[in-house]
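Topology and contacts: notes
The chain contents come next:
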Amino acid sequence: MNGNAATITSTQGIRVLYHSETFWMSDATKHDQAMKALADQAHGHVLVGGYGLGLVQRHLVNNPCVASVLTAEINCDVIRAVLDDDGWIWGRVWIGDFFAYEPGNLFDTVIGDTWADATDEYRDEFERFKLRAPQLIKPGGSVLAWTGDGGFEL
Ligand SMILES: C[S@@+](CC[C@H](N)C(=O)[O-])C[C@H]1O[C@@H](n2cnc3c(N)ncnc32)[C@H](O)[C@@H]1O
């Protein structure tokens, strides 16, 4: 295996996604609940930045107010690792940089989670999201993001 590849490990029933020694996501209850809270606020056609373990995508697909789910994921190794582990992907995926994605149509909801943590190290990424997301939504649409425990403010 490529030493730089994304890996998913499972310990005591909790799955963890790493890439290049960066912790990206786990499906521990608190993370899953945070993703469900985001998905519950979504409606219509939804664009997500970052696939991770696909937790928010699973909740979005199961939200009856959501019509479609498209994720921009920069790292195809993440998608390969999830496919190997889960056997499927929730919604559709565009492989590429969220910030370079140019949609044909605008979205009802845009959700950002391309940062590994809600800390100063990732603040520039979060601020970029805040500038880019409003350009991708229809009038009256919603911009949502994972902000940690108040680490970031939308
Ligand atoms: C914290 S995880 C997302 C977790 C996801 N919300 C979930 O429910 O499992 C962040 C993901 O964003 C991806 N990513 C990082 N920067 C990105 C970018 N600029 N564009 C698209 N995806 C990006 C990472 O490869 C990683 O898969």
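Structural data are supplied above this passage.
Notes on the structure in this doc start here. (Residues numbered from 1 in each chain as written. Predicted model: local features only at pLDDT ≥ 70, side-chain atom pairs only at ≥ 80, totals over all residues.)

**A look at the overall build of the protein chain**
Broken down by element type, the protein chain carries 4 helices and 8 strands. Along its sequence from the N terminus, the protein chain presents helices and strands in the succession β-β-β-α-β-α-β-α-β-β-α-β. The C-alpha extent of the protein chain, read off along each of the three principal axes, is 45 × 35 × 30 Å. Out of the 154 residues in the protein chain, the part that is buried amounts to 32%. (Helix = DSSP H or I, 4+ residues; strand = E, 2+ residues; numbered from the N terminus. Buried ≥ 20, exposed ≤ 12 C-beta atoms within 10 Å, placed from the backbone.)

**What to know about the site of the ligand**
Surveying the vicinity of the ligand reveals 22 residues, the closest of which are G50, G52, L55, F98 and T114. Residue assignment for the shell around the ligand shows that the elements contributing at least two residues are β3 (22-26), α2 (55-61) and β5 (66-73). Here the residues of the shell around the ligand are counted per class, giving 13 nonpolar, 6 polar and 3 charged. (Near = placed C-beta within 6 Å. Nonpolar A, V, L, I, M, F, W, Y, C, P; charged D, E, K, R; others polar.)

**As for the sheet that holds strand β6 (residues 92-95)**
Judged by pairing direction, the sheet is parallel, and its 5 strands sit side by side in the order β6-β5-β4-β7-β8 without closing on themselves. With partners counted over all chains shown, the strands left at the sheet margins are β6 and β8 (137-145), one partner each. Neighbour-to-neighbour, the strand axes of this sheet turn through a mean angle of 20 degrees, independent of strand direction. Pairing of strand β7 (residues 107-112) with β8 involves 5 bridges; the strand directions are parallel. Within β8, the residue paired with I111 across the bridge is L144. (Pairing = 2+ DSSP bridges. Axes fitted to C-alpha atoms, helices over the stretch in contact; angles between N-to-C directions.)

**A word on the sheet that holds β3**
The 3 strands are arranged β1-β2-β3 in an open sheet whose pairing can be described as antiparallel. Edge positions in the sheet fall to β1 (6-11) and β3, since each of these pairs with one other strand and no more. For this sheet the average axis-to-axis angle between neighbouring strands, irrespective of direction, equals 30 degrees. Here strand β2 (residues 14-19) pairs with β3 via 4 bridges, running antiparallel.

**Overview of the pairing of β1**
The pairing of β1 with β2 spans 6 bridges and is antiparallel. Across the sheet, T9 pairs through a bridge with V16, a residue of β2. Following β1, the chain reverses through 2 residues before pairing antiparallel with β2; Q12 in that reversal takes a positive phi of roughly 50 degrees.

**Brief notes about the nonpolar core**
In this structure, L38, A42, V46, V56, L60 and I111 are the most contacted members of the largest nonpolar core, which totals 34 residues. L60 has contacts with A39, A42, V46, V66, V69 and G91, leaving out every residue within four places of it along the chain. (Core = buried A, V, L, I, M, F, W, Y, C linked by C-beta atoms within 7 Å. Contact = placed C-beta atoms within 7 Å.)

**Considerations on helix α1 (residues 29-40)**
Residue pairs three or four apart in sequence face the same way in an α-helix, which turns once every 3.6 residues. In this model, α1 (12 residues) spans 16 Å end to end at C-alpha, consistent with the 16 Å of a helix rising 1.5 Å per residue. Among the residues of α1, M35, L38 and A39 are the ones counted as buried. Within α1, the buried residues cover an arc of 100 degrees as seen down the axis, which keeps them to one side. Facing away from the buried side of α1, by more than 90 degrees, are the exposed residues T29, K30 and Q33. (Expected span 1.5 Å × (residues − 1). Arc of directions from axis to C-beta.)

All we've got here are geometric facts, nothing functional implied.
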